[in-house]
Amino acid sequence: MTPVELLPTQTQTVADKLATLRSLLVHHQIDAYLIPSADEHLNEYLPEAKQRRKWISGFTGSAGDFLVGIEEAWVFADSRYYEQADAETQDTPIQVAKVGLDNHKTLEETLEEWARNAQKMGRSLRLGYDPFTLSVSQFRSFQKSLEPFEVKLVAVNENLVDRVRRQHPWATDDSAAYGSSPLFYLPDDLSGEGIEKKQIRVREKLEKLGADILPITKLDQVAWLFNLRGWDVPYNPVFIAYAIATRQQTFLFTNLNRVSSELRQHLEQHVTLLEYDTYTSTLASLITATQRVLLDPKHTTMGTYQLLLDPNGKQRCKISETANPIEGLKARKNATEVEQMQAANLKASRAKTRVMKWVQDQLADGKT
């Protein structure tokens, strides 16, 4: 019987969760597993279903990586979270590395130490990671810093925290992972530009750059391109989705159960709607050896990049690495957007003023 088959039906404490995760490390023959704070869309602020580091470690800061080895586990926190990390990991087998303080190691330094210990035993350190949680630029920087210490980075296609969490009663609804908030459309009088015109401008950019395919993984870019909003991330009007733009057509990948029939009818005039988990197979099917894929290393995950490679690591297509053109298009606000931004700020200022007046009135009444 393999260690995976011995997984408990439920996990409760941090120690229990780490024990289950470590059984998966043994199964995958890796020495340590990296759990970044970001998700598949490189968000800093995450929907609950994507807060993997928080769920398994208990540390709730918006930034900070988690490294789990066979015997040790480290949270790496910056100065915003020193005290919080200590408090939230108290009474757990997790150590806190306060990045920036003397005598506290960075993630890379910790891995270097582990790698040296492995070398003393005549082997190299195998570090597992989910390729969909690291950007291409992050991975390359990481790889460069660890290369002298012969650390082997091992891509694990299934996120191991998700595997552990499936043993927990909390995570039984797939819609939570794919986003379940209803989508709503911003009409042209609020956005200043319709979907069709935005798609034309993106295709013009692709043609100018000599590219045929553009994978879109950042949620704010997806929301802008389709004039869609949702509430999958608290206090952020975005929704979990991928998109792919080509010179001929555009694809949107999301949980289609939350798209109303009226909205679906409108969207299908401009875009092919597909389920969220078909993104990888669709992108792979669009690629040919003669096509050029535009890829932004800062805004694209290694998971997407690896879809462009064959099993031997050779490129299956031509790749152009440059900034995603949607960033520039989105940054230049049209007159309607400027007007709406001013109106939104006026509403926010009015709310703040009313709250300040209420506080002053309470203090005046002797309520402290």
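Refer to the structure printed above.
Residues numbered from 1 in each chain as written. Predicted model: local features only at pLDDT ≥ 70, side-chain atom pairs only at ≥ 80, totals over all residues. Heavy atoms only, no water.

Draft legend 1. Molecular detail of the nonpolar core. Counting residues in each nonpolar core, the largest one holds 43 residues, and the members touching the most others are L67, L111, L127, F142, I244, L283 and L308. Broken down by element, the residue count for this core peaks at 5 residues, all from helix 4 (residues 107–120). Ignoring any residue separated from it by four or fewer positions in sequence, one finds F142 in contact with L34, L107, E108, L111, L127 and L153. Listed in part, the 27 residues of the second largest apolar core include A223, F226, L228 and L267. (Core = buried A, V, L, I, M, F, W, Y, C linked by side-chain atoms within 4.5 Å. Buried < 20%, exposed > 50% of the residue type's maximum accessible area, 1.4 Å probe, protein only. Helix = DSSP H or I, 4+ residues; strand = E, 2+ residues; numbered from the N terminus. Contact = heavy atoms within 4.5 Å.)

Draft legend 2. Fine view of the environment of G122. Considering the arrangement of structural elements, one finds G122 in the loop between helix 4 and strand 5 (126–129). Separated by 87 residues in sequence, G122 and L209 have C-alpha atoms that sit 48 Å apart.

Draft legend 3. Molecular detail of the side chain of K198. For K198, the position within the fold is in helix 9 (residues 195–209). Within the buried set, K198 has no salt-bridge partner at all; the shortest N-O distance to an opposite charge, 5.0 Å, is to E337. Dropping the residues within four chain positions of it, K198 is found in contact with E193, W224, L225 and N227. (Lys, Arg positive; Asp, Glu negative; His and termini not counted. Salt bridge = Lys/Arg side-chain N within 4 Å of Asp/Glu carboxyl O.)

Draft legend 4. Inspection of the sheet that holds strand 4 (residues 95–98) at higher detail. Spatially, the 6 strands line up as an open sheet ordered 4-3-2-1-5-6, and their pairing is mixed. A strand with exactly one partner marks an edge of an open sheet, and here the two such strands are strand 4 and strand 6 (152–155). Across this sheet, the average inter-strand angle for adjacent strands is 25°, counted without regard to direction. One ladder, built from 4 bridges, connects strand 1 (residues 32–35) with strand 2 (residues 65–69); its direction is antiparallel. Residue pairing in the sheet places A32 in a bridge with G69 of strand 2. Where helix 1 (residues 14–28) meets the sheet, it contacts strand 1, strand 2, strand 3 (73–77) and strand 5, and its direction lies at approximately 65° from that of strand 2. Contacts from helix 4 reach strand 1, strand 2, strand 3 and strand 5 within the one sheet, and its direction differs from that of strand 2 by about 10°. (Pairing = 2+ DSSP bridges. Axes fitted to C-alpha atoms, helices over the stretch in contact; angles between N-to-C directions.)

Draft legend 5. Region of interest: the pairing of strand 4. Inspection of the sheet shows strand 3 paired to strand 4 by 4 bridges, in the parallel sense. Bridge pairing in strand 4 links W74 to Q95. As a crossover connection, the stretch from strand 3 through helix 3 (residues 82–88) into strand 4 is right-handed. (Right-handed = clockwise from strand over helix to strand, strands pointing away.)

Draft legend 6. Main features of a nonpolar patch on the surface. On the surface, a nonpolar cluster with roughly 410 Å² of combined accessible area is contributed by V355, W358, V359 and L363. On the basis of relative accessible area, V359 is assigned to the partly exposed category, the value being 35%. (Patch = residues over 30% accessible without salt bridge, like charges linked within 9 Å, V, L, I, M, F, W, Y side chains within 5 Å. Areas by Shrake-Rupley, 256 points an atom, 1.4 Å probe, with all protein chains shown as cover.)

Draft legend 7. Representation of unusual backbone geometry within the structure. Positive phi, normally seen in glycine, also occurs at L42, with a value near 60°. In this structure, L42 sits in the loop between strand 1 and helix 2 (52–57). Backbone geometry places Y235, a non-glycine residue, at a positive phi of 65°. On the secondary structure map, Y235 appears in the loop between strand 9 (228–229) and strand 10 (242–246).

Draft legend 8. Local environment of the packing of helix 4 against helix 5 (residues 136–146). Contact geometry of helix 4 with helix 5 gives a least axis separation of 10 Å together with a crossing angle of 40°. Between helix 4 and helix 5, the angle is such that the two are oblique. Helix-helix and strand crossings are classified by hand; for helix 4 and helix 5 the assignment is right-handed. Between helix 4 and helix 5, the contacting residues are L107, E108, L111 and E112 on the first element and F142, S145 and L146 on the second. In terms of residue class, the contact of helix 4 with helix 5 is made up of 4 nonpolar, 1 polar and 2 charged. (Parallel < 35°, antiparallel > 145°, perpendicular 65-115°, else oblique. Left-handed = near helix turned anticlockwise from the far one by under 90°. Nonpolar A, V, L, I, M, F, W, Y, C, P; charged D, E, K, R; others polar.)

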